[in-house]
Amino acid sequence: MDSWVISMMLGASLFLGAVALGAFLWAIKNGQFDDEEKFLNATKFDGEDELNDAVNQERKKEALKKDYRPE
Amino acid sequence: MSNKLACSHCHLEFDKTLMIEDDGHYFCCTGCQGVFHLLSDEGLESFYSKASNVKLTPPTNQYEDSSNFNSPAFYDKFVKINSDGFNEVSLIIEGIHCSACVWLNEKALHKMEGVIEANINFTNNKATIVWADDILKLSEIIDMIRAIGYNAFAYDSSTQELHANKQRKEYYLKMAVAIFASMNIMWIAVAQYAGYFSGITQDIKTILNVAEGILATPVLFYSGWVFFRGAYYGLKTKVVNMDLLVATGALSTYFYSIYITFKEQGEAYFDSVSMIITFVLIGKFLEVLSKKNAADTLDVLSKNIPNEVNVFKNNIVELCKLSDVHVGDIVVVSSGERVLLDGEIIKGDGSFDESSLTGESDPVYKTISDKVVSGTSSIDADIHFRATKDFEHSTLSSLVTLLESAINKKPKIQQMANRLSEHFSSAILMLSFLTFFIWWLLPHSFETSFMVGISVIIIACPCALALATPVATLVGLSLGVKNGILFKEAAQLETMAKADTIVLDKTGTLTIAKPEVISETIIDEFDKSILYSLVKSSNHPIASSIKKYIESNYKNINEINFDEYKQSPALGINAKYHNNIFIGGNLKLMHKHNIKIDFITENTIFYFAINGKVVAIYELVDKLKDKAKDIIDHLKIRGLDVIMLTGDNKHSASLVASELEISNFMYELSPEDKANYISSLHEKNKTVVMVGDGINDILALARADIGISMGNGNDITIDVGDVILLNNSLKSLEDALKISKTTFSLIKQNLFISLVYNAITIPLAMAGYVIPLVAAISMSVSSLLVVGNSLRIRYKWRH
């Protein structure tokens, strides 16, 4: 009985920890921590405009990709 | 308070009367005004609220034509095509002061049609820009960056940087996994230790062991993979290295612990496995980090401007790739430009600065049918010359080719720490085997003997040893960067500390490489404003140093607009104002105008004559750098042999040598002579530090044990140097030596601490007295001691 509780708690907490670790690894791979300073300053420039800008940029890329014909 | 006012764009403060008023805003210059309007037009004014009161550099308009960036040669070298078919370039943006600057650049570029991605790194000011080349050209992007008050130049990201970035990311990932798992293992281990002292049932112990085992697996096989790889390469070259010790220790402990877990008896050591890997990995990461930082600084130093020449073909001047210029082509060089090919002048004349190639400090005058040499630069000459060699065979290229062989001849001084860890690793492995066999023969059970044998490896875990060198060198490197000294590799600190001979170049290293006024003889009083105006428009080094002299020694200087003004290359300047004739220049010019001179020395002289009569004489020499004498004395006190080598003539060489009291000096040396001299010092078993700045020093720099180059030196010189003095001062040279000595003694202390610790604990482990808790605690304590000792010198270091 005791050992069942302990293994379940260990398992659950390690699983949650592993999920967080996974997210962190994904973020590193994604280049979100390449620049420490910018990462810390990002909170200052976060807002609706920035979000719109990012989306527009993404659309622009898609649009150009469609008609882009490398010679 | 007073009538000082901050400029609306750059926030620098100026007198109100000097500023441009514009609709309630005040600007210090038209550049700032232009940027301000551009930003409001583009809807980017919020930059100013984001930047608050950060002071910016006012924009200048003196950029060379950005169309150079569109040339095929430039595209070839710096522009890549990415997987989506878009173009990609890596730039370094100059003038970034704050995060708002990064925001502004990214925003402004994103607003451009055709720009897909603009990502600027705030820490190192590097930018990656992706764009569609059929919509806009690279020059337009550069123009935009310049228009908003910054500047950009390209750097080659392909080689070093990609590798460094990849490596850093890999280490980040590995460390994240290792630290996460180690921390979790630690809190499980707390339960284990508590159980060890107060009793624990075997089934709970097994559950804890299994959990620890699961956590330790990725640490060993994912994070610890670098050690297996290192050990493998070590074995291949028949070297027992630290990696092998870590790998065997961790691996055998790991399998032993798995065995214990299944046997459900005894103590498992999963915590030690992950701790060893994590600590040593951190040490390695610190090394990678310092390399990456050095690479970043180097990219900023070697500004890559498009390397092309103007070729005169079919009566038009066109840009041409260096490699496309053939023998016989006519190349155009304007004043201020660098000569990139060898040739013979066919049109024009003027002065050339050959100091970087020959060490000669005075400008050299050249005219039709004289030879120009690649690597020199034009001061005031506008010439056409016929190429006599193509780029591959030019002086510049052949020096670079010679360089490769010089680098191979560089002596390799084996680093003490590496050598020590090699011996240490083999000794520990032997001791561990020995312990195992003695215990087994005594007789004990296989398990007990195996465990004791393993415990020797664990307790001797080279954590402290592995951290001893990287932490100390990291402290040394960061001290260096704070003082304007860049060590390209950590190992150079140790080599430099062992140096006993220092070889210095004269021009540009000991001297400023610019003539400066040392004496002024006024024969007849005259208005200094006239002389000031006369020399102001010339960019000849002598004229500019006279201008500087007048600026700093006289007040109330006004500029005069002459009626006539003419510069004669390599002679001087003639001007006319209100029917008075002014002539300023050298002896030849005076003779040409039949002006009598009775004052002659070996130094450079500038004569100033009004209406045919000399009124002032200025004597100029290539002055020594600040505190040169003090630094040389200091080097001698430290017991270093100081030697001066120069390509310059005997007169200037002995002048400098006697002033600095350098008894050992050689003059009129070619680049090869210098390198050979270094080799002859090596034959006498000397460890040589070479300090230089010009192209003529590169071979010597490459061959010396440590090559130190000046930050304002030539690109190639910076590439070759092992240590770069970013602020070009000789004080940094002294600091560099001091830092390397301090760091080296720190490494020795750290190694001593970790060895003493091992000398105490290893016999205990061999006797079988070490319990897991003691092992874990002592491991951490020794590592902390080493780190603490290294951080100590940060506080101790005073100028």
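Draft legend 1. Unusual backbone geometry, seen in detail. Residue and element names in this part refer to chain B. The linkage connecting Leu-442 with the following residue, Pro-443, adopts the cis geometry, with an omega of 5 degrees. Here Pro-443 shows up in the loop between helix H13 (416–441) and helix H14 (446–459). One non-glycine residue, Asn-611, adopts positive backbone phi at about 50 degrees. Structurally, the position occupied by Asn-611 is in the loop between strand E25 (604–610) and strand E26 (613–624). What makes Asn-611 partly exposed here is its relative accessible area of 44%.

Draft legend 2. Representation of the packing of aromatic side chains within the structure. Residue and element names in this part refer to chain B. Per the counting criterion, the structure on display carries 25 aromatic pairs over all chains. Ring centres 5.5 Å apart and planes at 80 degrees place the aromatic pair Phe-221 and Tyr-254 in the edge-to-face group. Taken together, the positions of Phe-221 in helix H7 (residues 202–223) and Tyr-254 in helix H9 (residues 242–263) put the pair 33 residues apart, joining distant regions of the chain. For Phe-221, a relative accessible area of 35% corresponds to the partly exposed category. One aromatic cluster is present, built from ring pairs that chain together Tyr-256, Tyr-269, Phe-436, Phe-437, Trp-440, Phe-446 and Phe-450. One cation-aromatic arrangement involves Lys-174 over Tyr-222; the distance from NZ or CZ to the ring centre is 5.6 Å.

Draft legend 3. Highlighting empty space enclosed by the protein. Residues and elements named next belong to chain B. Summed over the entire model, instances satisfying the criterion amount to 2 cavities of 30 Å³ or more. Volume-wise, the second largest cavity comes out at about 40 Å³. Considering the residues around the second largest cavity, the lining is formed by His-9, Leu-56, Thr-57, Gly-95, His-97, Ile-148, Gly-149 and Tyr-150. Of the residues assigned to the lining of the second largest cavity, the class counts are 3 nonpolar, 5 polar and no charged.

Draft legend 4. View of the environment of Thr604(B). All names here are of chain B. As for its placement among the helices and strands, Thr-604 is situated in strand E25. Considered as a pair, Thr-604 and Ile-542 are 62 residues apart in the sequence and their alpha carbons are 8.9 Å apart. Those residues within four positions of Thr-604 in sequence are excluded, and the remaining contacts are Asp-362, Ile-542, Tyr-618, Glu-619 and Leu-620.

Draft legend 5. Region of interest: the sheet that holds strand E23 (residues 572–577) of chain B. Residue and element names in this part refer to chain B. Taken in spatial order, the 6 strands make up an open sheet running E21-E26-E25-E24-E23-E22, and their pairing is antiparallel. Edge positions in the sheet fall to strand E21 (511–522) and strand E22 (564–568), since each has one partner strand and no second. The mean inter-strand angle of the sheet, taken between neighbouring strand axes irrespective of direction, is 15 degrees. In terms of strand pairing, E25 meets E26 through 7 bridges, oriented antiparallel. By the bridge assignment for E26, Ile-605 is matched with Glu-619. The strands that helix H18 (residues 528–536) touches are E21, E22, E23, strand E24 (580–585), E25 and E26; relative to E25, the one it contacts most, it runs at about 120 degrees. Relative to E21, helix H19 (residues 541–553) is tilted by about 60 degrees, and along the sheet it contacts E21, E25 and E26.

Draft legend 6. Seen up close, the packing of H9(B) against H14(B). Residues and elements named next belong to chain B. The geometry of H9 relative to H14 is characterised by a closest axis approach of 10 Å and an angle of 145 degrees between their N-to-C directions. As H9 runs across H14, the sense of the crossing is left-handed. Listed contacts from H14 to Leu-245, Gly-249, Ser-252, Thr-253, Tyr-256, Tyr-259 and Lys-263 of H9 are Glu-447, Phe-450, Met-451, Ile-454, Ile-457 and Ile-458. Considered class by class, the residues forming the contact of H9 with H14 number 8 nonpolar, 3 polar and 2 charged.

Draft legend 7. Representation of the environment of Asp735(B) in the model. All names here are of chain B. Residue position: Asp-735 is located in helix H26 (residues 730–766). Owing to a relative accessible area of 4%, Asp-735 belongs among the buried residues under this scheme. Considering only alpha carbons, one finds Asp-735 and Lys-50, 685 residues apart in sequence, at a separation of 39 Å.

Draft legend 8. Focus on the sheet that holds strand E28 (residues 664–666) of chain B. Residue and element names in this part refer to chain B. Pairing is mixed in the open sheet, where 7 strands are placed in the order E19-E31-E30-E29-E20-E27-E28. Each edge of the open sheet carries a strand with a single partner, namely strand E19 (485–487) and E28. The average angle at which neighbouring strand axes cross in this sheet is 20 degrees, direction not considered. Note: E19 against strand E31 (residues 723–725), 3 bridges, orientation antiparallel. By the bridge assignment, Ile-485 is partnered in E31 with Leu-725.

Draft legend 9. Looking closely at the confidence of the model for chain B. Confidence in the prediction for chain B averages 80 pLDDT; 90% of positions are at 70 or higher. Complex prediction metrics read pTM 0.70 and ipTM 0.80.

Draft legend 10. Geometry of the interface of chain B and chain A. Each side of the interface is counted separately: chain B has 42 residues, and chain A has 31 residues. Taking both sides of the interface into account, the surface hidden between chain B and chain A amounts to around 3200 Å²; carbon and sulfur atoms contribute 66%. At the junction of chain B and chain A, the tally comes to 0 salt bridges. Contributing elements (two or more residues each) for the side of chain B that touches chain A: helix H4 (99–110), strand E7 (115–120), helix H6 (160–198) and H7 of chain B. Considering every element that reaches the side of chain B that touches chain A, the biggest residue donor is H6(B), with 10 residues. Residues that form the side of chain B that touches chain A fall into these classes: 23 nonpolar, 9 polar and 10 charged.

Draft legend 11. Structural detail: the packing of helix H8 (residues 225–236) of chain B against H9(B). All names here are of chain B. It is the contact of H8 with H9, at a shortest axis distance of 8 Å, that shows an interaxial angle of 125 degrees. Considering their axes alone, H8 and H9 lie oblique with respect to each other. Between H8 and H9 the crossing geometry is left-handed. From H8, Val-226, Phe-227, Phe-228, Gly-230, Ala-231 and Leu-235 reach across to H9, where they touch Asp-243, Leu-244, Val-246, Ala-247 and Leu-251.

Draft legend 12. Local environment of H9(B). Taking 1.5 Å per residue as the helical rise, H9(B) with its 22 residues ought to reach 32 Å, and the 31 Å between its terminal C-alpha atoms agrees with that figure. Immediately beyond the C-terminal end of H9(B), within one or two residues, lies Glu264(B), with a positive phi of roughly 55 degrees.

Draft legend 13. Quick peek at a nonpolar patch on the surface. Residues and elements named next belong to chain B. Together, Phe-433, Phe-437, Trp-440, Leu-441 and Phe-446 make up an exposed nonpolar region whose accessible area comes to about 590 Å². Among the elements that take part in the nonpolar patch, H13 stands out by supplying 4 residues, more than any other. On the secondary structure map, Phe-433 appears in helix H13. A residue is classified by how much of its surface remains accessible, and Phe-433, at 53% relative accessible area, is exposed.

Scoring rules and cut-offs
- Residues numbered from 1 in each chain as written.
- Chains lettered and ligands numbered in written order.
- Predicted model: local features only at pLDDT ≥ 70, side-chain atom pairs only at ≥ 80, totals over all residues.
- Heavy atoms only, no water.
- Helix = DSSP H or I, 4+ residues; strand = E, 2+ residues; numbered from the N terminus.
- Buried < 20%, exposed > 50% of the residue type's maximum accessible area, 1.4 Å probe, protein only.
- Phe/Tyr/Trp six-rings, centres within 6.5 Å; stacked < 30°, edge-to-face > 60°.
- Lys NZ or Arg CZ within 6 Å of the ring centre and 35° of its normal.
- 1 Å grid on protein atoms, 1.4 Å probe; cavity = no way out; pocket = protein on both sides within 12 Å on 5 of 7 lines; lining within 4 Å.
- Points joined across faces, edges and corners; volume = space filled by probe spheres on them.
- Nonpolar A, V, L, I, M, F, W, Y, C, P; charged D, E, K, R; others polar.
- Contact = heavy atoms within 4.5 Å.
- Pairing = 2+ DSSP bridges.
- Axes fitted to C-alpha atoms, helices over the stretch in contact; angles between N-to-C directions.
- Left-handed = near helix turned anticlockwise from the far one by under 90°.
- pLDDT = per-residue confidence, 0-100.
- Buried area = accessible area lost by both parts, 1.4 Å probe.
- Salt bridge = Lys/Arg side-chain N within 4 Å of Asp/Glu carboxyl O.
- Parallel < 35°, antiparallel > 145°, perpendicular 65-115°, else oblique.
- Expected span 1.5 Å × (residues − 1).
- Patch = residues over 30% accessible without salt bridge, like charges linked within 9 Å, V, L, I, M, F, W, Y side chains within 5 Å.
- Areas by Shrake-Rupley, 256 points an atom, 1.4 Å probe, with all protein chains shown as cover.

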